[in-house]
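Observations on the three-dimensional arrangement
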Amino acid sequence: ERERRASNLPCIWPLSRHIYGPSSATMRSHQVQSGDGVPVSHAHGGSRKRGRRIKLTVVGAALMSMYTIFLYAVMVSFDKSGHRELHEDRTSAVSASLRAGGGRDPLKESLDARASLPQRKEEPKKRPRALIIEDFCGMCQWRDMPFNCNERVEWVVKQKGASETEAKESNLKFCTLPGCNAKANDEGFMQCEDLSTPGAKPDLATYPKVKHVDKAPELDAILSGSLLKDLFSRDIDITERIKSTKKVNEEGLRDRRSGEDLVASVLAAAKLGDREYDTEETSSARQQAVLGGHGGRTADMPVLTAYIEPINQTDWEQRPLPVRDGPSTKKTLFGVSYPNLHSCRAMQSQFPIDTPPVDLDSYLPWIHDVFPSHDGKDIIFIAQNRRRCYNGQRRMQMGEKAPDGVTTHKNYIHIDYGKNYFQRPQSALFQHVPVKKIGEEDGEPRYRLASHEDADKEGMETRFICRFKLFDSSASPNLSIVGYSLSAHEVDYDYHTYRKGYRYSATEAGFDNHMIWQSQLLFRCPVPEEYHNKVSRGELVVNDYATLYVDVVPIRTPPRYTPPREFLQPRYEFKNEIDNLFVPDFEWGKEHVLPKIDQSGRWENIPVCLPSLMNHGLLPEGADINEQDVIVENDADGKYVPFSGVLPPKIHKVIACTWASTTFRTRSNRASVGDGKRRLKEWLEFNLLSGFDHIYVYDNS
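Per chain, the residues get numbers from 1 upward, laid out in the order the sequence is written. Restriction of local features to residues with pLDDT of at least 70 applies here, the model being predicted, together with a cutoff of 80 or more for giving and counting side-chain atom pairs; totals for whole chains, interfaces and linings are based on all residues. To obtain the side-chain values, all non-hydrogen atoms of the structure were used and water was disregarded.

The subject of this paragraph is the overall build of the protein chain. Looking only at helices and strands, one finds 20 helices and 20 strands in the protein chain. Exposed residues in this analysis have more than 50% of their type's maximum accessible area, buried residues have under 20%, and partly exposed residues fall in between, with area computed by a 1.4 Å probe over protein chains only. Looking at the protein chain as a whole, 40% of its 701 residues qualify as buried. The contact criterion used throughout is that any non-hydrogen atoms of two residues lie within 4.5 Å. Restricting the contact set of the protein chain to residue pairs at least 6 apart, pairs at least 24 apart contribute 69%. Accessible surface, the protein chain: about 41,100 Å² in total, of which carbon and sulfur atoms supply 53%. Secondary structure is summarised from DSSP: a helix means a run of H or I of at least four residues, a strand means a run of E of at least two, and numbering begins at the N terminus for each. Methods summary: accessible areas were calculated by the Shrake-Rupley approach with a probe of 1.4 Å, and residue burial reflects only the protein chains presented.

Under the convention used throughout, the expected extent of a helix is 1.5 Å for every residue step, that is, one less than its residue count. Given a rise of 1.5 Å per residue, twelve residues ought to cover 16 Å, and the 16 Å separating the end C-alpha atoms of helix H5 (residues 149-160) matches this to within 8%. For H5, every residue scored as buried is listed here: Cys 149, Asn 150, Val 153 and Val 156. All buried residues of H5 lie within an arc of 125° about the axis, which places them on one face of the element. Residues of H5 that are exposed and point over 90 degrees away from its buried face: Lys 158 and Gln 159. Looking at the packing, one finds that the buried side of H5 touches helix H6 (164-170). The first or second residue beyond H5 is Gly 161, which carries a positive phi of 75°. Along the arc lie the directions from the helix axis toward the C-beta atoms.

The next subject is the nonpolar core. Take the buried Ala, Val, Leu, Ile, Met, Phe, Trp, Tyr and Cys residues and link them wherever side-chain atoms come within 4.5 Å; each set so joined is a nonpolar core. Within the largest apolar cluster, 91 residues are counted, with the highest numbers of intra-cluster contacts made by Phe 381, Trp 603 and Ile 606. At six residues, strand E11 (residues 464-471) tops the list of elements feeding residues into this core. Ignoring anything within four residues of it in the chain, the contact list for Ile 606 reads Leu 304, Ile 367, Val 370, Phe 381, Leu 548, Tyr 549, Val 550 and Val 552. With eleven residues, the next largest nonpolar core counts Phe 136, Cys 149, Val 153 and Ala 167 among its residues.

With that settled, the discussion passes to the sheet that holds strand E17 (residues 548-554). An order of E4-E3-E18-E17-E11-E12 is seen for the six strands of this open sheet, with the pairing classed as antiparallel. Only two strands of the sheet have a single partner each, and these edge strands are strand E4 (334-338) and strand E12 (479-486). Taking the axes of each pair of neighbouring strands and ignoring which way they run, one obtains an average angle of 20° across the sheet. Strands pair, by our definition, only if DSSP identifies at least two bridges between them. One ladder, built from three bridges, connects E17 with strand E18 (residues 602-607); its direction is antiparallel. Its bridge partner lying in E18, Tyr 549 is registered against Pro 607. Between N-to-C directions, angles span 0 to 180 degrees; the directions come from axes that are lines fitted to C-alpha atoms, helices contributing only their stretch in contact.

As a further point, take the state of the cysteines. We call a pair of cysteine sulfur atoms a disulfide when they lie within 2.5 Å. Applying the stated criterion to the full structure yields three disulfides. Shown here is the disulfide that connects Cys 344 with Cys 609, its sulfur atoms set 2.1 Å apart. Given an S-S torsion of about -75°, the disulfide between Cys 344 and Cys 609 has left-handed geometry. With Cys 344 in the loop between E4 and helix H12 (347-350) and Cys 609 in the loop between E18 and helix H18 (612-615), this pair connects stretches of sequence that are 265 residues apart. Given a relative accessible area of 6%, Cys 609 falls into the buried group. What pairs with Cys 466 in a disulfide is Cys 525, and their sulfur atoms sit 2.0 Å apart. On the sign convention where negative means left-handed, the S-S torsion of about -60° between Cys 466 and Cys 525 marks this disulfide as left-handed. One end of the pair, Cys 466, is in strand E11; the other, Cys 525, is in strand E14 (residues 520-526), and 59 residues separate them in sequence.

Moving on: helix H7 (residues 217-224). Inspection of H7 places Leu 219, Ala 221, Ile 222, Leu 223 and Ser 224 among the buried residues, and these make up the whole buried set. Looking at the residues trailing H7, positive phi occurs at Gly 225, about 85°.

This part covers the pattern of salt bridges. A carboxyl oxygen of Asp or Glu within 4 Å of a side-chain nitrogen of Lys or Arg is what we treat as a salt bridge. Here the structure, examined in full by the defined rule, presents 31 salt bridges. Notably, a salt bridge pairs Arg 556 with Glu 309, separated by 3.3 Å at the nearest N-O pair. On the criterion of sequence distance, the pair formed by Arg 556 in the loop between E17 and helix H17 (584-587) and Glu 309 in the loop between strand E3 (304-308) and helix H11 (326-332) is long-range, its members being 247 residues apart. When the shortest N-O distance is used, the salt bridge between Glu 587 and Arg 319 registers 3.0 Å. Here the residue Glu 587 occupies a position in helix H17, and Arg 319 occupies one in the loop between E3 and H11, the gap between them amounting to 268 residues.

Any two of the Phe, Tyr and Trp rings considered here, Trp counted by its six-membered ring, make a pair once their centres fall within 6.5 Å; the pair's planes then place it as stacked at under 30 degrees, edge-to-face at over 60, or tilted in between. Counting across every chain of the model gives 13 aromatic pairs. The interplanar angle of 85° and the centroid separation of 6.1 Å between the aromatic rings of Phe 567 and Trp 588 together place this pair among those described as edge-to-face. Placement of the pair is Phe 567 in the loop between E17 and H17 and Trp 588 in the loop between H17 and E18, with a sequence separation of 21 residues. When its relative accessible area of 5% is taken as the criterion, Phe 567 is described as buried. Joined through ring pairs, the aromatic side chains of Tyr 338, Phe 351 and Trp 603 make up one cluster. We note Arg 602 situated over the ring of Tyr 307; from NZ or CZ to the ring centre the distance is 4.1 Å. Any Lys NZ or Arg CZ found within 6 Å of a ring centre and within 35 degrees of that ring's normal is scored as a charge over the ring.

Take a nonpolar patch on the surface next. Patches here are clusters of residues that have more than 30% relative accessible area and form no salt bridge, with a 9 Å joining cutoff for like charges and a 5 Å cutoff for nonpolar side chains (Val, Leu, Ile, Met, Phe, Trp, Tyr). A cluster of nonpolar side chains, contributed by Met 64, Tyr 67, Phe 70 and Leu 71, occupies part of the molecular surface with about 440 Å² of accessible area. Here Phe 70 shows up in helix H3 (residues 43-101). Relative accessible area serves as the criterion here: at 51%, Phe 70 is assigned to the exposed category.

So, about the pairing of E17. Among the seven residues that make up E17, seven are buried, leaving the element largely enclosed by the rest of the structure. Side chains of E17 alternate between two faces, with Leu 548, Val 550, Val 552 and Pro 554 and Tyr 549, Asp 551 and Val 553 buried alike. Pairing of E11 with E17 involves seven bridges; the strand directions are antiparallel. Note on E17: the bridge partner recorded for Cys 466 is Val 552.

Attention shifts here to the sheet that holds strand E6 (residues 378-384). Read from one edge of the open sheet, four strands run E5-E6-E14-E13, paired in antiparallel fashion. The sheet is open, and its two edges are formed by strand E5 (366-372) and strand E13 (488-489), each paired on a single side. With two bridges joining them, E13 and E14 adopt antiparallel strand pairing. The partner of Ala 488 across the bridge, within E14, is Arg 524.

Shown next, in the form of structure tokens:
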């Protein structure tokens, strides 16, 4: 140390070595030379600093201990003081009581009384009862998975080779649910094992009630039908196309494109040809151009007519559904005729599509095309979901409050919420309804709403009543009814929804654009058997217009905003159906008789034209398609067929489709798109480069 001080060398041990001491390598690296060349180590200087740090640590720990002891002493003293005051209070209280009660000790009496009470024996805990197969709840959710116990059992049987009983027993602990609350959760799974028991009889008193929702005055006027009744009673001059005065309660049903209320718009479209820019002159010129001066509907032939029936959606809140009074309903019907439909070949362009009567009666199907099947057994209808036209949304502003009765979704609200809600019945048209025939009245069949078990076979899954009429100019009267039938869907939309894994087929709020299969409505009306051959050969079309007509009458029931498997048809033999959540006897009543056809809103006098191949000139009129070996589709086939006698092999292996328009507007007129020509050209060029070699253009304008 003396040598280090004499040479004035610093002590440079690193701090990390203060506690554990330097390693031998570090010692070697920090050895220095003294004045006489002898290596000197600096470990002693490091030991002194380490000693100082240890002393400081000890002093700090001692101070902390003393502070802790001080706090403990303070707390103990306060606690003793509190106990002493409490004891003094109790002692003084007992002494005062003894003085007042002549020597009685209330505390002792209380203790003696408690000791004299009989001691309660502890009952042994009951062991839970062992689960048995009868406890199995098929519609309970299996664990936290998106399927129920029946589906789990079915999978185990198929994949594991176990019997159904073994599969149920192995899943009992996951498939039992105590209690019963008669509800299903958000995913549609049962929360009540009793209701999943076959044959369980629900009670009307415990059946779920429809919750009443207060609505804004303008929305209530739309949904109750009072607004349309007031509009129908006015004198509307559509010749001058005068815009009606804007009232608050009319805004919800106003045509935002032209500013007119919908009644004026629909009537103008019926008279002028369903085009806003048309006048009577252009409509007449187009009629002459289409007909070419030959054929078409004559003045004595029936005219396509839509009978509008005001809808009161507030009746949906009642169970069972109120029965519509036929004579009263007939007085409220509002007829809209379409004389511009006068040609079978041009029917697609003449049918009221742009401003249809569906805007006034949303139970009417929004028909785009009608044609017979090739065998003449059915009339096929191509319709669309009009409600989707009013699904445009906007983001709500800061602090904005939705009107009463209007549902928002993720801070978005429908732009035309009045029209969107008014069009709710369009969703019902995609859902089947069972009916039972109860007799006939003046040759017309009468039906009532029924359950699957009670419905007729042909009425098990329908939605429209079809009535066929034949025109004969030489007869009197010249129009006669030739038959009735019940419609059938080409696609089972509820089952489709279930297979896709969606909760509901439709939503009350209308935020369901992603369910694209609910866009196009396909259904058919069976033709009376005696007219099959005549329809298939096109014999009932004379001079480019039909002599056979069909009326389409919708069966008006509210949409089912419930899981589709609640009400699937028996033909599916669907084991996983949720029993007793939709009960027709409770929803509609056991005696809900439908009004007569002439007392109901409907499409009337829809012409039954040629089958498609005849209508487009691919098959001569009057030919029997079943006897045609070869149907030439294009010029190339026309050259190949005479040479070989058969059609050429199929060369179209892949098909691509698109929809195009020069200009169009998105839903609720949110945006205008005007580059349709450019987009179509780009699409065609891309597909031609990709290898497509044949293009078909279908013009439905």
